[in-house]
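Next come the chains, spelled out residue by residue.
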Amino acid sequence: MLLDIIYFHLQVKMSFFSKIFGGGKSDQKAPTPSEAIQKLREVEEMLIKKQDYLEKKVEQEINIARKNGAKNKRVALQALKRKKRFEKQLQQIDGTLTTIEFQREALENASTNTEVLKIMGHAAKALKGTHEDMDVDKVHDLMDEVQEQQEIANEISETISNPVGFGHYIDEDELSKELEELEQEELDKQLLDVGPETENLPSPPETEPSTSRKAKIQEDEDDDMKELAAWAS
């Protein structure tokens, strides 16, 4: 029973959409995604307006039932019956709106995917056209040539940066040995020049007395001899 109800609703919706888009005519051209999306939006807006109208009608019938609940029971019951019909229509509209929204989003996504695929197709053709004049083997040969020229340029740069002239052929070990010998000679010279400081030392006594000193000594000796001679006589 439930399946029959679902099938019935699907048939109703399919019939509804075929009337909108003219699906009953085999010779009619199928609408484009943009046209179908626009139609679905128009139907969606129409159903939303109808939904607002039915909601207002439901509210009116509820007010009528409240006012006549105690005074006129028949009028109140009729109002509630109409309210039930309006609510059922609202449920159907809700389901239809859900279906329309789902279909519209599917069409929008499909349309977007179509545009993306078109752009990708154009890009692929452009890329293919760019590569038509290119040969993979030639590209490899060109890159090998570029690499070779780069190596030559590096070698030239290294050659230019190296010092030229006599200094380039000097043996560094020989120069180091010569420098060590010079340093050793300088050290030996400094060791030989080291001696006691004589500038502030007192002068050594003279080995021989001066003339005046000699005269005084001789005079003292003569006086001693005279005194000795006087004592002996």
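Small disclaimer: the values here were computed from a predicted structure and weren't measured. The residue numbering used here restarts from 1 in each chain and proceeds along that chain's sequence as written. Local features in this predicted model are restricted to residues whose pLDDT is 70 or higher, and side-chain atom pairs enter the listing and the counts only when it is 80 or higher, whereas totals over whole chains, interfaces and linings include all residues. To get the side-chain values, take all heavy atoms of the structure and skip hydrogens and water.

K.L.:
Whenever I open this one, the overall build of the protein confuses me. Can you help?
P.N.:
Helices and strands together make up the secondary structure of the protein, namely six helices and zero strands. Counting over 233 residues, the protein shows a buried share of 11%. In short, Shrake-Rupley with a 1.4 Å probe defines the accessible areas, and a residue's cover is counted only from the protein chains shown. Surface exposure of the protein reaches about 20,600 Å², of which carbon and sulfur atoms provide 56%. What counts as a helix is a DSSP run of H or I of at least four residues, what counts as a strand is a run of E of at least two, and both are numbered from the N terminus. Residue burial is assigned from relative accessible area. The probe radius is 1.4 Å, only protein chains are included, and a residue is buried under 20% of its type maximum, exposed over 50%, and partly exposed in between.

K.L.:
Teacher, can you tell me more about a negative patch on the surface here?
P.N.:
A surface patch of negative charge is lined by D171, E172, D173, E174, E178, E180, E181, E183, E185, E186 and D188. Structurally, E181 can be placed in helix α5 (residues 172-193). Exposure above 30% relative accessible area and the lack of any salt bridge qualify a residue for a patch; like charges then connect within 9 Å, and the nonpolar side chains Val, Leu, Ile, Met, Phe, Trp and Tyr within 5 Å. We define a salt bridge as a contact between a side-chain nitrogen of Lys or Arg and a carboxyl oxygen of Asp or Glu at a distance within 4 Å. Positive charges come from Lys and Arg alone, negative charges from Asp and Glu alone, with His and the N- and C-terminal ends not counted. Charge positions come from single atoms, namely NZ of Lys, CZ of Arg, CG of Asp or CD of Glu.

K.L.:
Whenever I open this one, the environment of L80 confuses me. Can you help?
P.N.:
Tracing the backbone through its elements, the reader meets L80 in helix α3 (residues 73-131). The spacing of L80 and I64 is 16 residues in sequence and 8.5 Å in space, taken between C-alpha atoms.

K.L.:
Help me understand the packing of helix α2 (residues 33-68) against α3, please; the structure alone is not making it clear to me.
P.N.:
Packed helix pairs are characterised by how far apart their axes lie and by the angle those axes make with each other. Here, axes are lines fitted to C-alpha atoms. For helices the fit covers the stretch in contact, and angles between N-to-C directions go from 0 to 180 degrees. One way to put it is that α2 packs onto α3 with a least axis distance of 8 Å and a crossing angle of 160 degrees. By the criterion of interaxial angle, the relationship of α2 to α3 is roughly antiparallel. Here α2 runs over α3; the crossing is left-handed. Each residue receives one of three labels: charged for Asp, Glu, Lys and Arg, nonpolar for Ala, Val, Leu, Ile, Met, Phe, Trp, Tyr, Cys and Pro, and polar for the others, Gly being one of them. Here the residues of the contact of α2 with α3 are counted per class, giving 22 nonpolar, six polar and 14 charged. Under this scheme an angle from 65 to 115 degrees is roughly perpendicular, one under 35 degrees roughly parallel, and one over 145 degrees roughly antiparallel; angles in between are oblique. Note: crossing handedness is left-handed where the near helix turns anticlockwise from the far helix by less than a right angle, and right-handed where it turns clockwise.

K.L.:
Just checking my understanding: could you explain a nonpolar patch on the surface for this structure?
P.N.:
A cluster of nonpolar residues, V116, L117 and M120, forms a patch on the protein surface that exposes about 300 Å² of accessible area. Along the chain, M120 turns up in helix α3.

K.L.:
How do you make sense of the pattern of salt bridges when you look at a structure like this?
P.N.:
Between side chains of opposite charge, a pair can form when the charged atoms approach closely. Inspection of every chain in the model, using the stated rule, returns five salt bridges. One salt-bridge network, in which partners are shared between bridges, spans R41, E44, R104 and E108.

K.L.:
Quick question: what am I supposed to make of the nonpolar core here?
P.N.:
Side chains of a nonpolar character, in soluble globular proteins, are inclined to be buried together. What is meant by a nonpolar core is a set of buried Ala, Val, Leu, Ile, Met, Phe, Trp, Tyr and Cys residues, joined one to another through side-chain atoms within 4.5 Å. In terms of nonpolar packing, the biggest core is built from 10 residues, these being L40, V43, L47, L54, V58, F86, L90, I93, L97 and I100. For this core, the secondary structure elements donating two or more residues are α2 and α3. With near-sequence residues (within four places) excluded, L90 lies in contact with Q51, L54, E55 and V58. Contacts are assigned to residue pairs with any non-hydrogen atoms lying within 4.5 Å of each other.

K.L.:
Help me understand the side chain of R104, please; the structure alone is not making it clear to me.
P.N.:
Structurally, R104 is set in helix α3. A relative accessible area of 13% means that R104 is categorised as buried. Those residues in contact with R104, other than ones at most four positions away along the chain, are I37, L40, R41 and E44.

K.L.:
Teacher, can you tell me more about the environment of K81 here?
P.N.:
Structurally, K81 can be placed in helix α3. C-alpha separation for the pair K81 and E61, spaced 20 residues apart in sequence, amounts to 8.8 Å.

K.L.:
Hey, could you run me through the confidence of the model for the protein in this one?
P.N.:
Within the protein, residue pLDDT values average 77, and 67% of them lie at 70 or more. Taken element by element, the predicted model of the protein shows its lowest mean pLDDT in helix α1 (residues 2-21) (50) and its highest in α2 (90). Residue range residues 1-10 is modelled with pLDDT below 50. Its contacts to residues more than four positions away, or to other chains, number zero contacts. Per residue, pLDDT captures the predictor's confidence, and it can take any value from 0 to 100.

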